[in-house]
Amino acid sequence: MFGVSTTAIADEALWEALAEGGKVVLLRHTKSEEAEAERSMHLDAGGDCSQEVQLTDEGRAQAEALGRALKERGIEVDGVLSSEFCRARQTAEAVFGEYERWDALNLIAAMPEGESEWLIEDVRDRMSEFEGAGNLFLVSHRPNINTIVFENVEAGSLVVMRPEGMGSVEVLGVIPVESYH
């Protein structure tokens with residue numbers, strides 16, 4: 001074990017867990033533009049990304065690197081759900097190609113008043129009930145991930161979980177962006 005960091009060992013164990021399949025992953029969108037709160041929380045009804053915060057060149061490179069890492073490691077993807085915000089959709093497209101938009105993954109602060117609690121419960125239920133042979137990836141935002149699983153992650157980081165049913169998941173750990181980029 002000399003010369004190998006415990007972080008690298010932990011990261012490798014999480015990659016191996018993903019290779020086994022049957023996991024759920026909350027992926028925080030990769031690096032995006034800095035913006036004032038009003039623009040950061042703006043979701044264009046027509047999907048016009050020029051009106052929203054977008055990925056930076058670094059964010060696009062991170063997303064492409066994650067896509068390559070998943071392929072190189074043979075990690076099977078059963079489904080990809082993404083926030084409707086451009087930065088999340090851009091991440092999902094660059095990593096996976098295909099994805100489904102899901103409003104329950106939208107930035108909590110931008111959700112209609114009174115709806116965030118039940119939307120977050122929908123996310124918890126979907127995660128806990130997942131039973132695929134591959135893995136389910138959910139692309140969202142830091143506040144959502146922190147609210148759902150109490151993990152405060154950096155852009156491009158993955159929270160790897162094992163579904164346990166009944167609205168519960170076991171957090172196995174976090175794969176930081178540095179692990180693949």
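For the structure, see preceding data.
In this report, the structure presented in the accompanying data block is examined. Not measured: the values here are computed from a predicted model.

**Some remarks on the overall build of the protein chain**
Here's step 1: Counting its regular elements, the protein chain contains six helices and six strands.
Here's step 2: Taken over C-alpha atoms, the radius of gyration comes to 16 Å for the protein chain, in line with the 16 Å a tight globule of 181 residues would show.
Here's step 3: Along the longest, intermediate and shortest principal axes, the C-alpha atoms of the protein chain span 50 × 40 × 25 Å.
Here's step 4: Scored against the burial criterion, the 181 residues of the protein chain give a buried share of 47%.
Here's step 5: Relative to all contacts within the protein chain whose residues are 6 or more apart in sequence, the contacts with residues 24 or more apart total 67%.
Here's step 6: Only carbon and sulfur atoms are counted for the fraction: they give 46% of the accessible area of the protein chain, which is about 9000 Å².
Here's step 7: Separation of charge centres in the protein chain, based on 15 positive and 35 negative side chains, amounts to 4 Å.

**Regarding the packing of helix H5 (residues 116–128) against helix H6 (residues 142–149)**
Here's step 1: Running from amino to carboxyl end, H5 crosses H6 at an angle of 65 degrees, the nearest separation of the two axes being 10 Å. By the angle class used here, H5 and H6 are roughly perpendicular. The two elements H5 and H6 meet at a crossing, and its hand is right-handed. For the pair H5 and H6, the contacting residues are Ile120, Val123, Arg124 and Met127 in the first and Asn144, Thr147, Ile148 and Val149 in the second.

**A look at the state of the cysteines**
Here's step 1: Per the counting criterion, the structure on display carries one disulfide.
Here's step 2: Through a disulfide, Cys49 is tied to Cys86; the S-S separation comes to 2.2 Å. What sets the handedness of the Cys49 and Cys86 disulfide is the S-S torsion sign, and at about -95 degrees it is left-handed. Remark: Cys86 occurs in helix H4 (residues 86–96) and Cys49 occurs in the loop between helix H2 (37–40) and helix H3 (57–72); sequence separation between them is 37 residues.

**Concerning the layout of surface pockets**
Here's step 1: Estimated volume of the largest pocket: approximately 350 Å³.
Here's step 2: Around the largest pocket sit 17 residues that line it, and Arg28, His29, Ser32, Glu33 and Glu34 are the ones nearest its centre.
Here's step 3: Here the residues of the lining of the largest pocket sort into five nonpolar, five polar and seven charged.

What counts, and where the lines are drawn
Residues numbered from 1 in each chain as written. Predicted model: local features only at pLDDT ≥ 70, side-chain atom pairs only at ≥ 80, totals over all residues. Heavy atoms only, no water. Helix = DSSP H or I, 4+ residues; strand = E, 2+ residues; numbered from the N terminus. Rg over C-alpha atoms; globule rule 2.2 N^0.38 Å. Buried < 20%, exposed > 50% of the residue type's maximum accessible area, 1.4 Å probe, protein only. Contact = heavy atoms within 4.5 Å. Areas by Shrake-Rupley, 256 points an atom, 1.4 Å probe, with all protein chains shown as cover. Lys, Arg positive; Asp, Glu negative; His and termini not counted. Charge placed at Lys NZ, Arg CZ, Asp CG, Glu CD. Axes fitted to C-alpha atoms, helices over the stretch in contact; angles between N-to-C directions. Parallel < 35°, antiparallel > 145°, perpendicular 65-115°, else oblique. Left-handed = near helix turned anticlockwise from the far one by under 90°. Disulfide = S-S within 2.5 Å. 1 Å grid on protein atoms, 1.4 Å probe; cavity = no way out; pocket = protein on both sides within 12 Å on 5 of 7 lines; lining within 4 Å. Points joined across faces, edges and corners; volume = space filled by probe spheres on them. Nonpolar A, V, L, I, M, F, W, Y, C, P; charged D, E, K, R; others polar.

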